[in-house]
Amino acid sequence: MPHPVRTAAALATGSAAAALGWATVVEPRAFALRTVSVPVLAPGSAPLRVLHLSDLHLTPSQTIKQRWVRRLAELEPDLVVNTGDNLSHLDALPSVLRTYGDLLDLPGVFVFGSNDYFSPVLKNPLGYLSGGTGVATRGAWRRPADLPFEAMRTEFTRRGWTDLTNRHDEVHVAGRRLSFVGVDDPHLQYDELDDEPVDTSADLAIGVTHAPYLRVLDRWTSQGYPLILAGHTHGGQLRVPFYGALITNCDLDRTRARGLHRHHVEGTAAVQTDSWLHVSAGLGCAPTSPVRFACRPEATLLTLTALDSPRLPS
């Protein structure tokens, strides 16, 4: 008769091995397309379809990911928003350009994250869980930026995407004029916030950032931006069922590590104090922490609808 202690230990070991295999082999390749509607357009407006991409973290060998992302062009979105961390290898730029493929010919905007500047360095993957709210301007970031971010910027803009690195711009999409503000990566403290007021004459004003730090979200919400898009969190990357994300790797609360939420700041009645915040769980993870659990890699198709339209199912 099997000894109960040895049996329990064997079951526990087997369960741990199965969970590790799922988190390292299966789930990082189980890509999902999320859909959500956001009521932000003027009453009576026709919908706009926005494809939000983030945290590709691509290496040349990741062919499954490359094929899946390339097919997103079949969705024919009106606009692509890329919130950074495209690279995870010194030689990944050609693969990134092939992966985005026809999406680069659509109207698009982008900002960069830390992993567009700095290649991965070997570190303890458990460290990911120990620094959930810190700003990583030390250690691995105190070295020259070695990834081809300038060449990537040149290629993105050459194909027609608009660079929002610490700047304002506008893009005409499906007969509408959209006003944008963007920042460089707040996780590296590269962001430069300004007091330029929101363009209320535009059909919609949108804020774009890689990392959803509260100083950025609060500023843009106070200025009146109805919609903010971000990435960086990987949705927590490791989520506990019925509990959610363990960390966000920034100062955003873990309950908003992914998906669509409201962001509120205190203000006067004359100033908008709420915005919609969409945080992408991203398409990849750094090679130094290549695991996902209960948090599939994702792209999101947001349908921007009129304020007076019925809420579409998510």
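Quick note: structure is the one above.
Residues numbered from 1 in each chain as written. Predicted model: local features only at pLDDT ≥ 70, side-chain atom pairs only at ≥ 80, totals over all residues. Heavy atoms only, no water.

Quick notes on the overall build of the protein chain
Item 1. When you go through the protein chain residue by residue, the secondary structure sums to 6 helices and 14 strands.
Item 2. Looking at the protein chain residue by residue over its 314 residues, the buried ones come to 52%.
Item 3. For the protein chain, long-range pairs separated by at least 24 residues make up 75% of all intrachain contacts whose partners lie at least 6 apart in sequence.
Item 4. Total accessible area on the protein chain stands at roughly 13900 Å², and carbon and sulfur atoms take up 58% of it. (Helix = DSSP H or I, 4+ residues; strand = E, 2+ residues; numbered from the N terminus. Buried < 20%, exposed > 50% of the residue type's maximum accessible area, 1.4 Å probe, protein only. Contact = heavy atoms within 4.5 Å. Areas by Shrake-Rupley, 256 points an atom, 1.4 Å probe, with all protein chains shown as cover.)

A few points about the environment of P60
Item 1. Its location among the elements puts P60 in the loop between β2 (48–53) and α2 (63–70).
Item 2. Spatially, the C-alpha atom of P60 lies 8.3 Å from that of P94, the residues being 34 residues apart in sequence.
Item 3. The contact partners of P60, leaving out residues within four places of it in the chain, are Q66, H89, D91, A92 and S95.

Topic: the pattern of salt bridges
In a structure, side chains of opposite charge can pair up when their charged atoms sit close to one another.
Item 1. Applying the stated criterion across every chain yields a total of 13 salt bridges.
Item 2. Close ionic contact of R153 with D163 constitutes a salt bridge, the shortest N to O distance being 2.8 Å. Placement of the pair is R153 in helix α5 (residues 149–159) and D163 in strand β5 (residues 161–163), with a sequence separation of 10 residues.
Item 3. You can call D163 buried: its relative accessible area is 13%.
Item 4. The shortest N-O distance in the salt bridge between D191 and R215 comes to 2.9 Å. Of the two residues, D191 is situated in the loop between β7 (176–182) and β8 (204–208) and R215 in helix α6 (residues 214–223); the sequence distance between them amounts to 24 residues.
Item 5. For D191, a relative accessible area of 14% translates into the label buried.
Item 6. Classification of R215 as partly exposed rests on a relative accessible area of 33%. (Salt bridge = Lys/Arg side-chain N within 4 Å of Asp/Glu carboxyl O.)

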